[in-house]
Amino acid sequence: MTVSAQDVRAAAPANAPEDVIDFAIRLAELGKPENVYFCDGSQEEWDRLTSEMVESGMFTRLNPEKRPNSFLARSLPSDVARVESRTFICSEKEEDAGPTNHWYDPAEMKKILNEKFDGTYAGRTMYVIPFSMGPLGGPISQLGIEITDSPYVVVSMRIMARIGTKAMDLINEGRTWVPAAHSVGAPLAPGQKDTTWPCNEEKYITHFPETNEIWSYGSGYGGNALLGKKCYALRIASTMARRDGWMAEHMLILRLTDEKSGKQYHVTAAFPSACGKTNLAMLEPTIAGYKVETVGDDIAWMRPGEDGRLRAINPEAGFFGVAPGTSYKTNPMAMDTMKANTIFTNVALTDDGDVWWEGIDGEQPEHLIDWQGNDFTKADSEAGKKAAHPNSRFTTPASQCPIICPDWEAPEGVAIDAILFGGRRASNVPLVAEQYEGAHGVFIGASVASEVTAAATDVKAGSLRHDPFAMLPFCGYNMADYWGHWLEMQAKLGDKFPKIYQVNWFRKDENGKFLWPGFGDNARVLDWIVRRSSGEVEGIEGVTGIYPKFEDFNLEGVDVDKAAWDKMYDIDPDAWAAEMDDTEEYFKQFGDKVPAEITAQLAKFRERIAAA
Ligand code: SAT
Ligand code: MN
């Protein structure tokens, strides 16, 4: 039995508008599901779906005394992260996707998708999820409908976005919405038993920027499947933002309050996936006088406000954070956020029904079940095996974060004072440097390179790759046009556009030891940035930007002496000359799309190297 158009109509709630019903009918006719269900986002719905998933084996319920209302999912080893090689931008013209995206002709891709989606929902329920990215009804927020055959996606979306009846109400008011079709690509024959992580070896994560559509096939994991996140809030939204004069960025947002003056600053920061955005967003300052509150940990949507300043919202409602390395030592606020109502994916399970991962507090238990469901002991660790997958994740409600900013859902967003760009760099890049001018700031963003992490399956971890604005896998259009858009936004906002800083917590000495303690001590960097903005401290003109004076920088109570400081600020002209050659080479692929201001910044950079 498959679902008919009439069945879809019958299942739709009273507030579902005709165009949403049409989309659902189209997917039902294509995917041929056994059932159709429109999500209302209620607690009852969550309880029912999670119980069903426990029953089917897709979820393990964690010990309610330790981790109430929380679950563990184990994916297949082939479906543990984003797959960049299977992620496509299907713009009419190839040059609009640019050389850093995989382009596919939209009509050709639609043909493939029509074949792939034909019967893909067989034996499954097709879920229709109305969702809002950003606070419901807010002026910067956007709506969407995700259709999926994965209950894991439904319950994850309930944490990560605002889903259900209220989002449908807004769509019903006539607001525009983005259709997002998803399938794990694992139809069930009659009587066939489901697996605990259905997916397909062949994956297509596709975006149609001209028609604002998303189609995703074959994966059930994170950024491939929760289509409100990277697919919508970055790839599609970045193209919308370019058209309409705003910005969709891979950035955390935090509020820093100077407790003496009461003055509040808002900072956004772009780091590549798994480089510590969540940790910085929830930072607990080790220096007195400051308080940090979290607005978002991954994505920022920014629009000029009436006052001409850039205002940012977090379009998400939850955190999809990397578990390994997270502990009460590195990020106590994240640990407290995920005490309940959390979905864990690919972490290890303890014998008393709680979760475990490499880097969590305390002794490693004698016995664990690893992320693939196998027994795991200390001997396995000693043999170099990992109990949790390096890209294992927690999916947890932002509202549970003890330091969530009281204004985190302010519909008009918070006014941004400073923008940070960073990555993982063992050498060359100093702790913090300020832009010389706006175009230099954009150049800093454009020339970011970072050591690759485990957040994507198909790029080699550890190697250095260019990741402009931490947007390499997420920019929905030509990366050089995106730099042009930044320059345009700067020109529009003039001196109200936030100053840009380059930061690097990961520089190492000649013995491979980190020179900077990081984590809560990163507040010292924020402190310097704030004091720069108030004109309290002067900087030193350096090769890569304006540097702090050693004596101005608050190093009280931290084990960083002048020698270590000098190592962090050791600028080797030859190394930087090589880096600029490499950057120039990298820019070449964009041809004459590279804005003249950016080329001019490269020349200025070389002049500073020559003068050093
Ligand atoms: O898988 S996600 O794209 O959601 C996480 C990440 O890589 O940043
Ligand atoms: Mn991210």
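The structure under discussion appears in the preceding block.
Nothing here was measured: the structure is a model prediction, and the numbers come from that model.

Peer 1: So, the environment of arginine 303: which residues are in play, and what are the values?
Peer 2: With respect to the secondary-structure elements, arginine 303 resides in strand 16 (residues 300-304). The spatial distance from the C-alpha of arginine 303 to the C-alpha of asparagine 504 is 27 Å, given a sequence separation of 201 residues. Those residues in contact with arginine 303 that sit more than four places away from it in its chain are Pro139, Ile140, Gln142, Asp244, Trp246, Arg309, Leu310 and Arg311.

Peer 1: Give me the lowdown on the sheet that holds strand 23 (residues 375-377), citing residues and values where you can.
Peer 2: Within a beta sheet, neighbouring strands are joined by backbone hydrogen bonds and run either parallel or antiparallel to one another. With antiparallel pairing, the 4 strands of this open sheet are ordered in space as 21-20-22-23. On the outer flanks of this sheet lie strand 21 (355-356) and strand 23, each paired with one strand and no other. Bridge count for strand 20 (residues 348-350) against strand 21 is 2 bridges, and the pairing is antiparallel. Bridge pairing in strand 21 links leucine 349 to valine 355.

Peer 1: Can you break down the coordination of the manganese ion (ligand 2) residue by residue, with the values?
Peer 2: Tetrahedral coordination by four donors puts the ideal angle at the metal at 109.5 degrees, and octahedral coordination by six puts it at 90 or 180 degrees. Looking at the metal site, the manganese ion (ligand 2) is ligated by Lys230 (NZ), His250 (NE2) and Asp298 (OD), spaced 2.2 Å from it. Along the chain, the residues donating to the manganese ion (ligand 2) are arranged with the sequence spacing K-x19-H-x47-D. With a gap of 20 residues between them, lysine 230 in helix 9 (residues 228-244) and histidine 250 in the loop between strand 12 (247-249) and strand 13 (252-258) connect regions that are remote in the sequence. Neither lysine 230 nor histidine 250 differs from the other in exposure class; each is buried.

Peer 1: Break down helix 14 (residues 479-493) for me, citing the residues and quoting the values.
Peer 2: Taking 1.5 Å of rise per residue, 15 residues should cover 21 Å, and helix 14 covers 21 Å from first to last C-alpha, within 8% of that figure. For helix 14, the buried fraction is high: 12 of the 15 residues fall into the buried class. Looking at helix 14, one finds that the buried residues are Met479, Ala480, Asp481, Tyr482, Trp483, Gly484, His485, Trp486, Leu487, Met489, Gln490 and Leu493. Between the side-chain oxygen of the N-cap and the backbone nitrogen of alanine 480 there are 2.9 Å, and the N-cap of helix 14 in question is asparagine 478.

Peer 1: Go over the site of ligand 1, please, and point to the residues and values.
Peer 2: The environment of ligand 1 is formed by Arg82, Gly223, Lys229, Lys230, Ser273, Phe320, Arg393 and Ala455. One nitrogen or oxygen atom from the side chain of arginine 82 is found 2.8 Å from an oxygen atom belonging to ligand 1. Interatomic distance of 3.0 Å between a backbone N/O atom of glycine 223 and an oxygen atom of ligand 1. Alone, ligand 1 offers 250 Å² of accessible surface; in the complex the protein occludes 98% of this.

Peer 1: Outline the nonpolar core, supporting the account with residue identities and numerical values.
Peer 2: Judged by nonpolar contacts, the single largest core of 168 residues is most densely connected at Trp301, Trp357, Phe421, Leu431, Val432, Trp483 and Trp486. Contact partners of valine 432, with chain neighbours within four places excluded, come to Tyr501, Gln502, Val503, Val525, Trp528, Ile529, Ile546, Tyr547, Pro548, Phe553 and Tyr569. By size, the runner-up hydrophobic cluster in this structure holds 36 residues, among which are Leu113, Ile145, Met168 and Trp215.

Peer 1: Could you give an account of the pattern of salt bridges, with specific residues and numbers?
Peer 2: The tally for this structure, following the rule as stated, stands at 42 salt bridges. Note that aspartate 352 is salt-bridged to lysine 66, the shortest N-O span being 3.3 Å. Residue aspartate 352 is located in the loop between strand 20 and strand 21, and its partner lysine 66 is located in the loop between strand 2 (59-61) and strand 3 (71-73); the two are separated by 286 residues in the primary sequence. A salt bridge links lysine 567 to glutamate 510, with the shortest nitrogen-to-oxygen separation between them at 3.3 Å. On the criterion of sequence distance, the pair formed by lysine 567 in helix 16 (residues 562-568) and glutamate 510 in the loop between strand 30 (499-503) and helix 15 (523-533) is long-range, its members being 57 residues apart. What makes lysine 567 partly exposed here is its relative accessible area of 34%. One salt-bridge network, held together by shared partners, links Lys229, Lys230, Lys277, Asp298 and Glu316.

Peer 1: Please give an account of unusual backbone geometry that cites residues and values.
Peer 2: Residues other than glycine predominantly adopt negative phi, and peptide bonds predominantly adopt the trans conformation. The backbone phi angle of asparagine 428 is positive, close to 70°, even though this residue is not glycine. Within the fold, asparagine 428 resides in the loop between strand 26 (418-422) and strand 27 (432-434). Asparagine 428 sits in the buried class, given a relative accessible area of 13%. Of note in the backbone geometry, alanine 470 takes a positive phi value of approximately 55° without being a glycine. Within the secondary structure, alanine 470 is located in the loop between strand 29 (464-466) and helix 14. Assessed through its relative accessible area of 2%, alanine 470 is described here as buried.

Peer 1: Describe the layout of surface pockets, listing the residues and the values that go with them.
Peer 2: Of the pockets and cavities examined, the largest pocket occupies roughly 1000 Å³. Lining the largest pocket are 44 residues, and of these Ala274, Cys275, Gly276, Pro324 and Arg424 lie nearest its centre. The element that contributes the greatest number of residues to the lining of the largest pocket is helix 10 (residues 277-281), accounting for 4 residues. For the lining of the largest pocket, the per-class residue count stands at 21 nonpolar, 13 polar and 10 charged. What the second largest pocket holds in volume is close to 570 Å³. Forming the walls of the second largest pocket are 27 residues, and the residues nearest its centre are Gly123, Arg124, Thr125, Leu188 and Asp194. Those elements that place two or more of their residues in the lining of the second largest pocket are helix 3 (43-56) and strand 6 (125-133). The greatest single-element share of the lining of the second largest pocket, amounting to 4 residues, is contributed by helix 3.

Peer 1: If you had to explain the pairing of strand 10 (residues 204-208) to someone new, which residues and values would you point to?
Peer 2: Of all 5 residues that make up strand 10, 5 are buried, and the element is covered over most of its length. The side-chain alternation of strand 10 yields two buried faces, one formed by Tyr204, Thr206 and Phe208 and the other by Ile205 and His207. What sits between the antiparallel neighbours strand 10 and strand 11 (residues 213-217) is a turn of 4 residues, in which asparagine 212 has the positive phi angle 55°.

Peer 1: Please give an account of the sheet that holds strand 12 that cites residues and values.
Peer 2: In spatial order, the strands read 12-16-17-25; together these 4 strands make up an open sheet with antiparallel pairing. Looking at the sheet topology across the chains shown, the edges are occupied by strand 12 and strand 25 (414-415). Taken together, the 2 bridges between strand 17 (residues 310-313) and strand 25 define a ladder with antiparallel strand orientation. Bridging across to strand 25, arginine 311 finds its partner in alanine 415. Contacts between helix 9 and the sheet are confined to strand 12 and strand 16, with strand 12 contributing the most and set at about 155° to the helix. Of the strands in this sheet, strand 12, strand 16 and strand 17 are in contact with helix 14, which crosses strand 12 at around 125°.

Peer 1: Residue-level account of the packing of helix 17 (residues 573-588) against helix 18 (residues 596-611), with values.
Peer 2: When two helices pack together, their arrangement is captured by the angle between the axes and the distance separating the axes. Between helix 17 and helix 18, the least distance of the axes is 10 Å, while the angle of their chain directions is 165°. Relative to helix 18, the element helix 17 is oriented roughly antiparallel. At the point where helix 17 passes helix 18, the crossing takes the left-handed sense. The segment helix 17 lies against helix 18, with Pro573, Trp576, Ala577, Met580, Asp581, Thr583, Glu584 and Phe587 engaging Ile598, Leu602, Phe605, Arg606 and Ile609. Across the contact of helix 17 with helix 18, the residue classes break down as 9 nonpolar, 1 polar and 3 charged.

Peer 1: With reference to specific residues and values, describe the packing of aromatic side chains.
Peer 2: All chains considered together, the criterion is met by 36 aromatic pairs. Geometrically, the ring pair formed by phenylalanine 117 and tryptophan 215 is edge-to-face, given 4.9 Å between the ring centres and 85° between the ring planes. With phenylalanine 117 in helix 5 (residues 106-117) and tryptophan 215 in strand 11, this pair connects stretches of sequence that are 98 residues apart. Here arginine 608 stacks its cationic end above the ring of phenylalanine 605, 5.1 Å away from the centre of that ring.

Cut-offs applied
- Residues numbered from 1 in each chain as written.
- Chains lettered and ligands numbered in written order.
- Predicted model: local features only at pLDDT ≥ 70, side-chain atom pairs only at ≥ 80, totals over all residues.
- Heavy atoms only, no water.
- Helix = DSSP H or I, 4+ residues; strand = E, 2+ residues; numbered from the N terminus.
- Contact = heavy atoms within 4.5 Å.
- Pairing = 2+ DSSP bridges.
- Donors = N, O, S within 2.8 Å, 3.2 Å for Na, K, Ca; no water.
- Buried < 20%, exposed > 50% of the residue type's maximum accessible area, 1.4 Å probe, protein only.
- Expected span 1.5 Å × (residues − 1).
- Polar contact = N/O pair within 3.5 Å; in protein donor to acceptor, adjacent residues only side chain to side chain.
- Near = heavy atom within 4 Å.
- Areas by Shrake-Rupley, 256 points an atom, 1.4 Å probe, with all protein chains shown as cover.
- Core = buried A, V, L, I, M, F, W, Y, C linked by side-chain atoms within 4.5 Å.
- Salt bridge = Lys/Arg side-chain N within 4 Å of Asp/Glu carboxyl O.
- 1 Å grid on protein atoms, 1.4 Å probe; cavity = no way out; pocket = protein on both sides within 12 Å on 5 of 7 lines; lining within 4 Å.
- Points joined across faces, edges and corners; volume = space filled by probe spheres on them.
- Nonpolar A, V, L, I, M, F, W, Y, C, P; charged D, E, K, R; others polar.
- Axes fitted to C-alpha atoms, helices over the stretch in contact; angles between N-to-C directions.
- Parallel < 35°, antiparallel > 145°, perpendicular 65-115°, else oblique.
- Left-handed = near helix turned anticlockwise from the far one by under 90°.
- Phe/Tyr/Trp six-rings, centres within 6.5 Å; stacked < 30°, edge-to-face > 60°.
- Lys NZ or Arg CZ within 6 Å of the ring centre and 35° of its normal.

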